[in-house]
Amino acid sequence: MAFTRRNVWAKNGDFDDPVLYWYARGVRVLRAKPISDPTSWEFLAALHGFDPVIWHVEGFLTLGEKLPPYWVQSLYWKQCQHGSWYFLPWHRGHLLSFETIVREAIKQEMIADEKKGIKVNYHWTDWALPYWNPADPKDNYRATQIPPAFTNEYMPDGSENPLYIKQRDGDLVTLPQEIAKGTPGAKQKYELIQRNLLSLKQALTQPSIIGTSNSSTGFGGLKTSFSHDPVAFGQIESNPHNNIHGLVGGLMGDGVTAGLDPLFWSHHANIDRLWEVWLKSDPEHKNPYNKEPLPDTPENKADNHTIKLLNQTQEQWLDGPGERGFMVPLTSGQVWEFKPKDVVNTLALKVDYQYDLSYQYDDISNPLKDIPTTPAGTKSELLGASTTSTGLKEANRTSIEIPIGEPATGEGVKYSSEYRFFLHLVNITSNKDGRIINVFVNLPKGASGYDYPDLYAGSISLIGVRQASAGGGLGESDVFEISDILARLRFGGWEGTKNLKVTFIPLNEDNPADDMYVEQVLLYIETCAVK
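Conventions used here
- Residues numbered from 1 in each chain as written.
- Predicted model: local features only at pLDDT ≥ 70, side-chain atom pairs only at ≥ 80, totals over all residues.
- Heavy atoms only, no water.
- Helix = DSSP H or I, 4+ residues; strand = E, 2+ residues; numbered from the N terminus.
- Rg over C-alpha atoms; globule rule 2.2 N^0.38 Å.
- Buried < 20%, exposed > 50% of the residue type's maximum accessible area, 1.4 Å probe, protein only.
- Axes fitted to C-alpha atoms, helices over the stretch in contact; angles between N-to-C directions.
- Parallel < 35°, antiparallel > 145°, perpendicular 65-115°, else oblique.
- Left-handed = near helix turned anticlockwise from the far one by under 90°.
- Contact = heavy atoms within 4.5 Å.
- Nonpolar A, V, L, I, M, F, W, Y, C, P; charged D, E, K, R; others polar.
- Pairing = 2+ DSSP bridges.
- Salt bridge = Lys/Arg side-chain N within 4 Å of Asp/Glu carboxyl O.
- Phe/Tyr/Trp six-rings, centres within 6.5 Å; stacked < 30°, edge-to-face > 60°.
- Core = buried A, V, L, I, M, F, W, Y, C linked by side-chain atoms within 4.5 Å.

Caption draft 1: Just the overall build of the protein chain, in detail. If you tally the helices and strands in the protein chain, you get 15 helices and 13 strands. In terms of overall size, the protein chain behaves like a compact globule, its C-alpha atoms giving a radius of gyration of 24 Å where 531 residues would be expected to give roughly 24 Å. Along the longest, intermediate and shortest principal axes, the C-alpha atoms of the protein chain span 80 × 70 × 45 Å. Scored against the burial criterion, the 531 residues of the protein chain give a buried share of 56%.

Caption draft 2: Layout of the packing of helix α5 (residues 87-115) against helix α12 (residues 262-281). Where α5 meets α12, the axes come as close as 10 Å, and the angle between the chain directions of the two elements is 130°. The orientation of α5 with respect to α12, classified from their angle, is oblique. The interaxial crossing formed by α5 with α12 has left-handed handedness. Facing α5, whose interface residues are Phe87, Leu88, Pro89, His91, Arg92, His94, Leu95 and Phe98, α12 presents Phe264, Trp265, His268, Ala269, Ile271, Asp272, Trp275 and Glu276. Grouping the amino acids of the contact of α5 with α12 by side-chain chemistry returns 10 nonpolar, three polar and three charged.

Caption draft 3: Seen up close, the sheet that holds strand β10 (residues 456-461). If you trace the four strands from one edge of the open sheet to the other, you get β7-β12-β9-β10, paired in antiparallel fashion. Pairing within the sheet leaves two strands with one partner each, and these edge strands are β7 (398-403) and β10. Going across the sheet, the axis of each strand differs from the next one's by a mean of 25°, ignoring polarity. Across five bridges, strand β9 (residues 436-441) lies against strand β12 (residues 499-506) in antiparallel orientation. Counted as the bridge partner of Ile437 is Pro506 from β12. Each of β9 and β10 touches helix α11 (residues 235-248); the most contacted strand, β10, lies at about 60° to it.

Caption draft 4: Representation of the pattern of salt bridges. One pass over the full model with this rule turns up 17 salt bridges. Of the charged contacts, one joins Asp254 and Arg466 as a salt bridge, the two residues approaching to 2.9 Å between their closest N and O atoms. Remark: Arg466 occurs in helix α14 (residues 465-469) and Asp254 occurs in the loop between α11 and α12; sequence separation between them is 212 residues. Residue class for Asp254 comes out buried when judged on its relative accessible area of 13%. Here Arg435 ties to Asp515 by a salt bridge, and the two come within 2.9 Å at their closest N and O atoms. One end of the pair, Arg435, is in the loop between β8 (419-429) and β9; the other, Asp515, is in the loop between β12 and β13 (517-528), and 80 residues separate them in sequence.

Caption draft 5: Main features of the packing of aromatic side chains. Scanning the entire structure with this criterion turns up 22 aromatic pairs. When the centroid spacing of 6.3 Å and the interplanar angle of 90° are considered together, the rings of Tyr23 and Phe98 count as edge-to-face. Of this pair, Tyr23 sits in helix α1 (residues 18-31) while Phe98 sits in helix α5, placing them 75 residues apart in sequence. Ring centres 4.8 Å apart and planes at 75° place the aromatic pair Phe50 and Trp55 in the edge-to-face group.

Caption draft 6: Up close: the nonpolar core. Counting residues in hydrophobic clusters, the biggest one holds 137 residues, and the most contacted among them are Tyr23, Leu423, Ile460, Ile482 and Phe504. Among all residues touching Leu423, those that are not within four sequence positions of it are Ile402, Val441, Ala457, Asp478, Val479, Phe480, Ile482, Leu500, Val502, Val521, Leu522 and Leu523. Counting five residues, the second-largest nonpolar core is a separate cluster that includes Phe422, Val426, Val479 and Tyr524.

Structural data, given as structure tokens:
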């Protein structure tokens, strides 16, 4: 049997929906357990990230509270894979652990209610983790809002709502209120978020799950070892994943506290769903797999050597990082060590005789079905690089120019459908998470990004950057494809282009990223075969 995960808005997003009502009941059980219990709310959140000082400040850890033994923490905690090709499979395993533990808590709550003579018109086997899809084009305005089951302070019976937390302060929280009050510019800003920061185009049109170069980071990310601190993000992680973390803000805006927000789990269920959407949207979209060699003949020798090398890379993803496995607890407290290959098929997730975690989604249709997959690149070449670092210190915007050299062809730099163009922002550092910086290409001097949405390249969403920058760390890197922008600009004209201007503007001027630095901005070109 496969459980079915449904849209959090399926029945108006409130507690009339039994999925959300029992989700709250299950979360309440988990939150009542001590952090030392592997099936507790805090323990499961700590798998994603943990900082005792920040957790204490936020009210999730008391002074002197007993933590699990160090060996238990080392086994489970602070595992989340970011800026890595393991981002998708690790989070899938994390969700499965959480979902089955919540489902067991719901089961016990239902049994307790029935013993009290309370009739239960719902069965625990019908429950699966609901997903929240702010980029739903079928329900654009409502979808971007946080459902009332997560914003109401109280349950229908007057008890405190365990899905509600006060530590949310991002634009998806504040802007609907500002629009209702008629605040100037609020609606315009909201439309920019819907159109650009929640766009699925760069992610869902990726030709491959694994990135191939510093320019093409793929749907799921570049090859890495075990990677708790982010390096370069795959496109699904950059947007919508990172952007939504920043747009919710508060606990969600910081990697070490994100798992403490009940919305985190529904957000990640949607990212997991989009993995399935991407797979089903094009026959060429595939998870890593071993390719069968050709017949062993002299003429196939070179091709079989290429297949062997390809399979070595595929196996490194399928088997997971060699230095350690991925560990999550199950309802009995037992450890489940899984590899990426164990979670690729959502309909075949039988861990053992006791645990069948198989699931499906109620909707994996492609919202961009009329937009074709981007052709895969075959060669990456550096066209230009900024000569100095750039930052937003004491400024609400800054620009930097990239001097552009001629490509190896000597033909000048002009837009062509035979090429893909990428901005690579290298070593982004900051000492605070949760801010969002919009990046524009060739934005006129002093112009507002609201007036030029077609020049929007992407957003730097500072999630996990504080940890990645600490102690002289290199921070994070982001990659944005700008081929469409250059096509609209008729980039290069007849004579070619000598410079490309990149402008950084904080989404919120009252919370500027005034300590953010970008070490270098690179422009890459890839040759691709047009379908």
